[in-house]
Amino acid sequence: MLQKTSPYMRQANLIGGEWVQADSGATIDVVNPATGVKLGTVPKSGRAETRRAIEAADAAFATWKKSSVLERHKLLRKLHDAIMDNQQTLAELLTMEQGKSLTEAKGEVAISAAYILWFAEEGRRTYGDVVPSPWVDRRVIVTKEPTGVVAAITPWNFPSSMLARKIGPALAAGCTAVVKPASQTPYSGLAWGALAEEAGFPKGVINIVTGAAGEIGDEICANPLVKKITFTGSTEVGKILLQKAASTVKKVSMELGGNAPFLVFDDADVRRAVEGAIVAKYRNSGQTCVCTNRFFVQAGIYDEFVEKLAEATAKLKVGPGLEEGTQQGPLIDMRAVEKVEELVGDATAQGGKVVTGGRRHALGGSFFEPTVIAEATPSMRFMREEIFGPVAPVFRFETEEEAIRLANDTEYGLACYFYTGDLGRAFRVMEGLKYGMVGVNEGLITTVEAPFGGVKESGLGREGGHQGIDDYLDTKYVCIGGLGL
């Protein structure tokens with residue numbers, strides 16, 4: 001399998017068009033979470049290597065920003081084609097380092113390509129304005145220009161698509177990039193460098209550095225050549241980056257933690273709600289920022305929903321991602337397993353009832369049983385903490401007002417979902433939920449055409465949609481006088 005993925009499994013940094021090792025020669029092991037087998041290594045780089053990557057991006061920006069929008073469009077389309085031509089190979093690499101099923105990995109690679117294609121088009125629509133002038137002899141023009149060097153820091157749960165949502169608009173806008181992929185899943189990030197070379201992007205336009213998160217992050221935040229930071233990860237780390245980026249007043253995009261509620265009202269189609277719940281909860285073994293964290297079900301259908309959700313959950317096939325038919329792979333590491341166990345233990349100690357699952361899987365390693373816990377209460381840690389694992393706690397509610405209050409009782413505001421058959425209720429609840437994204441009678445809502453992002457402590461800015469390119473552009477107002485009109 002490694003041989004099949006070898007064309008894109010790069011074990012070096014990409015800086016200024018050259019594949020290089022860390023100055024110290026130090027490396028980080030990359031392990032397959034399904035087997036515990038070492039896949040390879042990547043450089044353990046620090047501030048010096050990051051500084052060179054930033055300088056290479058800045059040098060490339062001088063010419064890349066002058067490239068025509070059509071030239072960038074064509075290169076991005078070539079990048080899209082390169083991704084899709086190698087979808088299977090890239091998906092296998094992703095599955096081996098991250099653990100998700102091959103089916104999910106292929107889907108992630110496909111949406112990565114879709115983001116690139118979307119922004120190839122959106123780059124041609126970064127319109128300015130000609131503003132009616134209040135002066136007879138002056139003209140007022142507003143233009144959009146690329147921001148500059150962009151630093152992108154991406155997580156391990158979606159190592160390909162999270163990068164696509166950042167690289168796509170950055171390159172389309174005329175920016176250059178320095179990328180820091182997660183150390184657990186660096187190969188899917190480094191693969192973008194090889195794909196960009198294949199597509200014909202100039203040297204230095206994309207630079208990729210692996211290594212110590214603290215050192216790399218500090219250099220990115222302190223270096224004045226970096227004009228924008230885009231980060232996907234925890235709220236805790238996002239706040240640190242915001243504080244450090246303030247020293248040079250960088251633009252920031254933050255896609256941070258979530259605590260997604262999933263509301264089921266007694267007028268909902270329960271069968272459809274359960275189908276949506278399975279997708280919204282167990283995709284990527286529950287390791288997504290938009291994953292359902294709290295299920296709230298109206299009392300009249302509570303027992304029916306719990307029973308049907310548990311039945312569907314128990315049928316999920318757990319196994320290595322490359323194994324035929326696998327629907328849920330391992331968690332990323334043993335720390336993730338221990339966190340899930342802690343949360344399950346907290347719930348059962350407070351009267352929660354494990355309906356199905358609840359334990360480490362018989363497969364061993366970091367595999368965990370898909371779990372449903374009934375009789376969840378607001379005092380449990382589930383109410384406040386992001387699970388990031390395959391556990392579905394189900395709370396009971398009586399009224400619509402109570403459901404909205406419970407759903408909003410969190411500092412997070414990324415995604416939420418609810419099911420109802422009442423059109424009036426659909427609008428009341430949609431407008432009452434304080435979240436950046438709302439799924440009504442749908443459990444999977446992410447698409448390249450729509451803006452992705454949250455409110456409150458779930459972040460700043462939007463990725464995807466026509467809004468996704470805005471944060472990579474600066475607005476310039478030009479007043480032209482002395483026209484003698």
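Everything below is about the structure printed above this text.
Computed from a predicted model, the values in this text were never measured in an experiment. (Residues numbered from 1 in each chain as written. Predicted model: local features only at pLDDT ≥ 70, side-chain atom pairs only at ≥ 80, totals over all residues. Heavy atoms only, no water.)

With respect to the sheet that holds strand β6 (residues 139-146)
Then step 1. Here three strands make up an open sheet; going across it, the order is β5-β6-β22 and the pairing antiparallel. In the strand order of this sheet, the two ends are held by β5 (129-131) and β22 (473-480), each with one partner. Going across the sheet, the axis of each strand differs from the next one's by a mean of 25°, ignoring polarity.
Then step 2. As paired elements, β6 and β22 share eight bridges and run antiparallel to each other. (Pairing = 2+ DSSP bridges. Helix = DSSP H or I, 4+ residues; strand = E, 2+ residues; numbered from the N terminus. Axes fitted to C-alpha atoms, helices over the stretch in contact; angles between N-to-C directions.)

A look at the pattern of salt bridges
Then step 1. Tallying each qualifying case throughout the model produces 32 salt bridges.
Then step 2. Taking the shortest distance from any N to any O, the salt bridge between Asp474 and Lys251 comes out at 3.4 Å. With Asp474 in strand β22 and Lys251 in strand β11 (residues 251-255), this residue pair connects regions lying 223 residues apart in the sequence.
Then step 3. With relative accessibility at 27%, the residue Lys251 sits in the partly exposed group. (Salt bridge = Lys/Arg side-chain N within 4 Å of Asp/Glu carboxyl O. Buried < 20%, exposed > 50% of the residue type's maximum accessible area, 1.4 Å probe, protein only.)

Overview of the packing of aromatic side chains
Two numbers describe a pair of aromatic rings. These are the distance of the centres and the angle of the planes.
Then step 1. Scanning the entire structure with this criterion turns up nine aromatic pairs.
Then step 2. With centroids separated by 6.1 Å and ring planes inclined at 45°, the aromatic side chains of Phe295 and Phe305 adopt a geometry described as tilted. Of this pair, Phe295 sits in strand β13 (residues 292-298) while Phe305 is found in helix α11 (residues 302-314), placing the two residues ten residues apart along the sequence.
Then step 3. On the numbers, 4.9 Å between centres and 35° between planes, the contact of Phe296 with Phe395 is tilted. Remark: Phe395 occurs in strand β16 (residues 391-397) and Phe296 occurs in strand β13; sequence separation between them is 99 residues.
Then step 4. By way of ring pairs, the aromatic residues Phe262, Phe295, Phe305, Tyr417 and Tyr419 are connected into one cluster. (Phe/Tyr/Trp six-rings, centres within 6.5 Å; stacked < 30°, edge-to-face > 60°.)

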